[in-house]
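As a plain string of letters, each chain reads:
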Amino acid sequence: MRRLYLSSIVFCIAIVSIYIYIFNATASDFSKNDKLLYSYVKYPNYRGMIFSNYPREEVELFVTVNPKLKNMTLNSINLVGYIKKVKEGDSLVEVDAGKLTTNDVILKLPTERLKTGKYYVELAVYNNIDNALLENNWHEIIKIEPNRKKPSVYIGKNKAMYVDGKPFFPVGWFTSSDPQKTGEISIIADMGFNCVMNYGINQFHNGGSIKAISMYLDEANRKGIKVIYSLKDIFEGYKRIPQRVGPFKGEEGMYKGVISLFKDSPAILAWFISDERPVSWMKRLKKHYDWARELDQNHPVWICQNRPEEIGEYVGVTDIIGVDTYPVPDRPVTDVSKFINIAKKVTNNSYPIIAVLQTHGNFQYGGKGRAPTADEIRVMTYLALIDGAKGIIYYSFFDFIKTPEYNKNYPVLKQLAKEVLALSSMLLLGTDAELPEIVGDKQDIRMLAKIYEGNYYLIVLNTREKNRDIILTFNDTPRNIIMPFESRNIIIADNRLEDKMPSYGVHVYQWVNNN
């Protein structure tokens, strides 16, 4: 999330050259367009785990084939999926994709007849002429016993995060504080937030202090704050790599040592392994992701990226995708929606997305841009919610407290945390509902409708920096409308709701569902 402003083009070129030299990888090493066969598990959506209460007994894979790389066509190849107990064993399930008409394929393999345990999904591409194997790859899946305890934190149905079996919507801050100074935790908890991602947790005292980190995690747990633990700097050759973390030294030593030591802390929510790293880092990210998976089955891995069109390349190295864009003041606030929807498209909406939203100004990073206003923070937050974000982390607390708008925006952020958490169960578990019709000018109005626990929820957002009137019509007349965050009543006549929308304003309506 930190922005780097370099004054010298030559210096930029030198840095890129160093990265390529050190990490010996290019974007093409991992691009799906440069492989004959590229695939990932789209469902189940968390580490191939099939839980007993999942609604579908199947594995769904997103597959891309590029026969042109072999001077072939789609008609000259065949794609087959298998499920096996061991990699070279007999097939328990076999599904032929049939005649291929497009490079991108969704392939589904049934699992209802499989016993509990670990399996391997093999995807294979054959030459149609002689049935010779051209390329194959493997994915691990696990069918979980019905009575087996689920991970402490996992991604469940609807791509929602679950903590100790309950849905959890992270609403928090990026921070960068000395773990010995826990006052920041108290402030964030008092504002009503529930998590932090601390850049500095491994960085102080000539390297991380195990005692200080342990105290920090304990205090966070006491305050009801979950910690997304930052491992993003632990890359050999990277300028911010700590000298050590306690007794642990070196990339692998620190990475594995930290996870092994702190994975049982009740404060841990996830491991943060990449902060806008380019695709050229993919081999190292894959190694780090695999280390985290092997050492800790109880917590997911999170990466963050500000180039959403590239996010499709990161499948297989993360469990959660963070999308950050900081549009104020040079771009429209609706870029939040643009970035989230690009990320959803390039990953086939297979991953939970956490929106990383702006509270800082470019002036704090060598530029001239101001920090967002309270209204802009609010509209960006609700845009993220409407577009399906499964969490919101604001960047950043250490910048926010230094902005001229801090005193004015502090109560706004506190209220936003209250609102988002009040709506979180509906957002995570509610079912999509029919939207009302907008009478007249529809431009710059965004809406979300869901039904949850017998109630209909409607969020209406004005993304225009101008006051306006709005008229909505419904098929069924809403009754006893509640405005959960406003002290006023709404009158409905002839299935018609009329209301005023302030500049960048949002209204949340709630009533008992009539159907």
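Residues numbered from 1 in each chain as written. Predicted model: local features only at pLDDT ≥ 70, side-chain atom pairs only at ≥ 80, totals over all residues. Heavy atoms only, no water.

1. Side note on the packing of aromatic side chains
Right, on to step 1. Applying the stated criterion across every chain yields a total of 29 aromatic pairs.
Right, on to step 2. Ring plane angle 10 degrees and centroid distance 5.3 Å describe the contact between Tyr-154 and Tyr-162, whose orientation is recorded as stacked. Considered together, Tyr-154 and Tyr-162 belong to a single accessibility category, that of buried residues.
Right, on to step 3. For the pair Phe-397 and Phe-400, a centre-to-centre distance of 6.5 Å together with 50 degrees between the ring planes defines the contact as tilted. Of this pair, Phe-397 and Phe-400 both sit in helix α8 (residues 397-400), three residues apart, which is roughly one turn of that helix. Comparing Phe-397 with Phe-400, the two get one shared label, buried.
Right, on to step 4. Through a chain of ring-to-ring contacts, three or more aromatic side chains come together here, namely Phe-174, Tyr-199, Phe-272, Trp-302, Tyr-326, Tyr-365, Tyr-395 and Phe-398.
Right, on to step 5. The ring of Tyr-82 is capped by Lys-84, whose NZ or CZ atom sits 5.3 Å from the centre of that ring.
Right, on to step 6. Taking NZ or CZ as reference, Arg-277 lies 4.4 Å from the ring centre of Tyr-238, over its face. (Phe/Tyr/Trp six-rings, centres within 6.5 Å; stacked < 30°, edge-to-face > 60°. Buried < 20%, exposed > 50% of the residue type's maximum accessible area, 1.4 Å probe, protein only. Helix = DSSP H or I, 4+ residues; strand = E, 2+ residues; numbered from the N terminus. Lys NZ or Arg CZ within 6 Å of the ring centre and 35° of its normal.)

2. Here's the deal with the sheet that holds strand β25 (residues 492-493)
Right, on to step 1. Read from one edge to the other, the open sheet built from four strands follows the order β21-β24-β26-β25, with strand pairing classed as antiparallel. Both outer strands of the open sheet, β21 (437-439) and β25, are each paired with one neighbouring strand and no more.
Right, on to step 2. Here β25 pairs with strand β26 (residues 496-501) via two bridges, running antiparallel. What sits directly across from Ile-492, in β26, is Leu-497. (Pairing = 2+ DSSP bridges.)

3. Some thoughts on the environment of Ser-487
Right, on to step 1. Topologically, Ser-487 is positioned in the loop between β24 (468-473) and β25.
Right, on to step 2. Its relative accessible area of 84% is what places Ser-487 among the exposed residues.
Right, on to step 3. Placed 342 residues apart in sequence, Ser-487 and Glu-145 show a C-alpha to C-alpha distance of 49 Å.

4. Some words on the packing of helix α7 (residues 374-386) against helix α9 (residues 406-429)
Right, on to step 1. Two elements in contact, α7 and α9, have axes whose closest approach is 10 Å; the angle formed by their N-to-C orientations is 15 degrees. It follows that α7 is roughly parallel to α9 by the angle criterion. As for the relative orientation of α7 and α9, their crossing is right-handed in sense. Across from Ala-374, Ile-377, Arg-378, Thr-381, Tyr-382 and Leu-385 in α7, the residues of α9 making contact are Asn-409, Val-412, Leu-413, Leu-416, Glu-419, Val-420, Leu-423 and Leu-427. (Axes fitted to C-alpha atoms, helices over the stretch in contact; angles between N-to-C directions. Parallel < 35°, antiparallel > 145°, perpendicular 65-115°, else oblique. Left-handed = near helix turned anticlockwise from the far one by under 90°. Contact = heavy atoms within 4.5 Å.)

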